[in-house]
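# Report on the structure
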Amino acid sequence: MRYTGIMTLTRFGFNIPSFSYPGVDDSDMFSAVCAAAATAENSGFDSLWVMDHFHQIPPMGAAHEPMLEPYTLLAGLAPWTRTARLGALVTGVTYRNPALLAKTVTTLDIVSGGRAVLGIGAAWFEAEHVAYGYEFLPVGERMHRLEDAVQICRAMFGGGPATFEGERHRIDGALNRPRPLTPGGPPILVGGGGEQRTLAIAARYADACNIFGDPAGIRHKLDVLEAHCERAGRDPAEISKTRLGALVMADTAADAARLGAEMRSRRNMSLDKYLGYAIEGDRDGVCEQVAALFDAGLDGLIFNMHDSTDLGAIAEAGMVLTDNFGTRSIQ
C-alpha cells in the first residue's frame, strides 16, 4: 500500500546541511537549529530536512565540523514545529537495518503527530563508511539493499506481522506497533538521479523522488522516470518530484553574486557545479528560475540557504517563494 494522502509532498522545503554556527557553543546548538526550523515553517516552508551523515561532507564543509544524528534531531524538532513534514534527505541505506529504520520513522511519525517522511538513498560517502566501520559496498550491492529496504519499510508501516525475503534483507513476522499515524505510513522519498536503478526503484515503490540539476537536466531525468513508470504500470503523477539545491537571494543581483561567490569559496565548489546547483539572484530573478524548474516538471523544491544562521534571510525566502508560487496542495 502506497501513501496517497497528498498531491505534492512538499512545495518548498528547508534543508539544514550544516551545524556550524559562528559564536554558538555546542550547548546552544540545538536552540539555534530550532530557531532556524521554526522561522522556516512560520515563513511558509512546508517541510524540514537534515542530512544523514556522521561527518560533514564536501562541499558543505570540513570533516571536523559538527554534525548531528538526523533522527534524534528530527524527533527533537517535532515539538518546536507544528505543520512542516520532517525527514532525512536522505537516509543512507547502508547505515541502518531496514526493519529498525521502519520502526525509527514510525516513532518519528507518532512523535510529530503524523509528519514524518522516509527519505532514503543508496549512500555514497566512502570516507564516512571507513571511519565508522561500515563496509562500503559496490554500487550494485547498495542498490539491491535499497530496493529491499523500501519494500520492508512499506510492509512494516502496515503494523505487521510483516514477512519479506529480498535480495539482501529479510524479515519474518516483524511487528511495528503502534502503527504510524499517517494513513498508509509515512511517504517514501527515494533520493538520487541514477537512470538505470535509482529512478526505476522510485518508479516502482516511492511516493516521491529527489533529483538535482538545471531545467534541461531535470526534464531529462523526469522523462527517464516516466519511462520507468510506464514499464511498471504506474501513473507518474503518483510520484511527487522534488529537487535539492541552494538558494542565494539578495536585494540586487550583484549582492546575490557576492554571496554566491562567498559560498563557493567557503565550500570549495567549482563554478560549474554551483551553476547546476544554486538559484541565485534578486527576488525577481529567483522567481524566474524557480518558475523554470516548475515548468520542467517538478512539484517541489528543497533549498539549502546560503547562510542557515540568517533568520531574516530564511523568513524572506519563505515568504517570497510562497507568495509567488503557493504552498503544498492537500487532497
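This report concerns the structure included in the present document.

## Quick word on the packing of helix H5 (residues 139-156) against helix H6 (residues 198-205)
At their nearest, the axes of H5 and H6 sit 10 Å apart, and the two run at 15 degrees to each other. If you check the angle between H5 and H6, you find them roughly parallel. The element H5 and its partner H6 pack so that their crossing is right-handed. Residue-level contacts link Met143, Leu146, Glu147, Val150, Gln151 and Arg154 of H5 to Thr198, Ile201, Arg204 and Tyr205 of H6.

## A look at unusual backbone geometry
Following Gly160, the chain continues to Pro161 via a peptide bond in cis, the omega torsion being 5 degrees. Here the amide bond leading from Arg177 into Pro178 is cis, since omega sits at 0 degrees, within 30 degrees of zero. Examined against the element boundaries, Pro178 turns out to sit in the loop between strand E7 (170-174) and strand E8 (188-191). The backbone of Ala123 sits at a positive phi, close to 70 degrees, despite the residue not being glycine.

## Quick look at the pattern of salt bridges
Opposite charge on two side chains makes pairing possible when the charged atoms of those side chains draw close. Under the criterion given, the structure shown has 18 salt bridges. Arg170 serves as the salt-bridge partner of Asp172, at 3.9 Å between the closest nitrogen and oxygen. Assessed through its relative accessible area of 53%, Arg170 is described here as exposed. With a closest N to O distance of 3.2 Å, Glu195 and Lys221 form a salt bridge. Placement of the pair is Glu195 in the loop between E8 and H6 and Lys221 in helix H7 (residues 215-232), with a sequence separation of 26 residues. Three or more residues are tied together by salt bridges with common partners; here these are Glu141, Arg145, Glu167 and Arg168.

How each quantity is defined
- Residues numbered from 1 in each chain as written.
- Predicted model: local features only at pLDDT ≥ 70, side-chain atom pairs only at ≥ 80, totals over all residues.
- Heavy atoms only, no water.
- Axes fitted to C-alpha atoms, helices over the stretch in contact; angles between N-to-C directions.
- Helix = DSSP H or I, 4+ residues; strand = E, 2+ residues; numbered from the N terminus.
- Parallel < 35°, antiparallel > 145°, perpendicular 65-115°, else oblique.
- Left-handed = near helix turned anticlockwise from the far one by under 90°.
- Contact = heavy atoms within 4.5 Å.
- Salt bridge = Lys/Arg side-chain N within 4 Å of Asp/Glu carboxyl O.
- Buried < 20%, exposed > 50% of the residue type's maximum accessible area, 1.4 Å probe, protein only.

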